[in-house]
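One-letter residues, chain by chain:
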Amino acid sequence: MDRMTSIHRWGGYNAASPPLPPHLESVQYASRMTSLGNSSWGRSSFSFYLLGIPGLEESQHWIALPLGSLYLLALVGNVTILFIIRTDPSLHQPMYLFLAMLAAIDLILASSTAPKALAVLMSHSCEIWYPTCLTQMFFIHAFSSMESGVLVAMALDRYVAICHPLHHMTILTPGVIGRIGLVVLARGILLLIPFPILLRRLIFCQSVVISHAYCEHMAVVKLACSDATVNRAYGLVVALLVVGFDVFAIGISYSLILCAVLRVPGRDARLKAFGTCGSHICVILVFYVPGIFSFLTHRFGHNVPHHVHVLLATLYLLVPPALNPLVYGVKTQQIRERVLRVFYVRVWD
């Protein structure tokens, strides 16, 4: 599972456990002593300890600076996108409604990861309560699935807009868009709620130190001293279903778009049609390319240090939320004009 699921923020790490920093050595020792007397701890009475970025403990506070900047950029950018779309009736169109969904998901996704990761890196606030860890894990994976689902919906919107332009607004009505959003939400919740439920059946009796900056599914599963076959198998099935279906659907949509555009007479008309897809293609690349790179390093980069895997996984959760608003702000004229108008009015007022 750990190789395939790294495509979609569900990957584990095969690297050997790194040496513990001094501030966590006593925690590891205490957890082993506790396991001698009690092989199954109370499910809600103990905590995990996040290691951060193993091997880079001395420089973690410096690494936190760019990560904090990405989080701040994600907050400002996505709140701005939501504000612009909410307050401008001319942007209440399918493309921008899906963009609002993407911005909301990115806000939740980044906020589920960054605050605790930054606390670990900057102040060694490593302890995380067991139920809190499960909650964070669910939010990260569920909203990652939702983001992928929204990208599929946006590909559908581009297909309808280019291949059936006269019926675009009648096919993708606000009611239809709302139902698509509910399906994306329900898929993320129903597929991922078994993650914390299945984890609660596991016994943790040896180690409570997670070699990560946040509660990543496979990193927690590997700490269990009971059989975790069901957890691994279910995670693999979910990854294959979500990633496989979404990539296939996006590929089909853009194949149909390409065929339609190539039939359009005139070079300028074809370029204009392709231009309407530019922002969405950039967002797809920002979302999937880091995951593919992570997958390749897990599969073939056996000599890649463990801290590189952890740092890459952390960036993977912060880079798309930070860059998506910039991509749409730069490449979409309507968004760019509204943002400039808002800031221009505020400055001159």
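Above this text is the structure in question.
Residues numbered from 1 in each chain as written. Predicted model: local features only at pLDDT ≥ 70, side-chain atom pairs only at ≥ 80, totals over all residues. Heavy atoms only, no water.

## Observations regarding the layout of surface pockets
Where empty space is left becomes clear once a probe the size of a water molecule has been rolled over the atoms.
Right, on to step 1. Estimated volume of the second largest pocket: approximately 280 Å³.
Right, on to step 2. Contributing to the lining of the second largest pocket are 17 residues, with Met95, Tyr96, Thr276, Thr332 and Gln334 lying nearest its centre.
Right, on to step 3. Put simply, the parts of the chain that give the lining of the second largest pocket at least two residues each are helix H3 (94-123), helix H11 (278-300) and helix H13 (333-348).
Right, on to step 4. In the lining of the second largest pocket, the residues fall into 4 nonpolar, 10 polar and 3 charged. (1 Å grid on protein atoms, 1.4 Å probe; cavity = no way out; pocket = protein on both sides within 12 Å on 5 of 7 lines; lining within 4 Å. Points joined across faces, edges and corners; volume = space filled by probe spheres on them. Helix = DSSP H or I, 4+ residues; strand = E, 2+ residues; numbered from the N terminus. Nonpolar A, V, L, I, M, F, W, Y, C, P; charged D, E, K, R; others polar.)

## Re the sheet that holds strand S2 (residues 127-129)
Right, on to step 1. Across the sheet, which stays open at both edges, the 3 strands sit in the order S2-S1-S3 with mixed pairing between neighbours. Unpaired on one side and paired on the other, S2 and strand S3 (209-210) mark the two borders of the sheet.
Right, on to step 2. Pairing between strand S1 (residues 47-50) and S3: 2 bridges, direction parallel. Bridge pairing in S3 places Tyr49 opposite Val209.
Right, on to step 3. On top of the sheet, helix H4 (residues 130-163) reaches S1, S2 and S3; it is set at about 85 degrees to S2, its chief contact. (Pairing = 2+ DSSP bridges. Contact = heavy atoms within 4.5 Å. Axes fitted to C-alpha atoms, helices over the stretch in contact; angles between N-to-C directions.)

## Some thoughts on the state of the cysteines
Right, on to step 1. Following the criterion strictly, the structure yields 1 disulfide and no others.
Right, on to step 2. A sulfur-sulfur separation of 2.0 Å characterises the disulfide bridge that pairs Cys133 with Cys215. In this structure the cystine formed by Cys133 and Cys215 twists about its S-S bond by roughly -125 degrees; its chirality is therefore left-handed. One end of the pair, Cys133, is in helix H4; the other, Cys215, is in the loop between S3 and helix H8 (217-221), and 82 residues separate them in sequence. When sorted by exposure, Cys133 lands in the same class as Cys215, which is buried.
Right, on to step 3. Summary of cysteine pairing: Cys277 is not part of a disulfide, and the nearest cysteine sulfur, belonging to Cys163, is at 8.9 Å. (Disulfide = S-S within 2.5 Å. Buried < 20%, exposed > 50% of the residue type's maximum accessible area, 1.4 Å probe, protein only.)

## Looking at the nonpolar core
Within soluble globular proteins, side chains that are nonpolar tend to cluster in buried spots.
Right, on to step 1. The biggest cluster of nonpolar side chains holds 52 residues, and the ones touching the most others in it are Ile85, Leu99, Leu151, Ile250 and Ile335.
Right, on to step 2. Within the residue set of this core, elements represented by two or more residues are helix H2 (60-87), H3, H4, helix H6 (174-192), helix H9 (229-262), H11, helix H12 (306-331) and H13.
Right, on to step 3. No other element matches the 13 residues that H4 contributes to this core.
Right, on to step 4. Excluding its chain neighbours within four sequence positions, the residues that come into contact with Leu99 are Ile81, Ile85, Met154, Tyr328 and Ile335. (Core = buried A, V, L, I, M, F, W, Y, C linked by side-chain atoms within 4.5 Å.)

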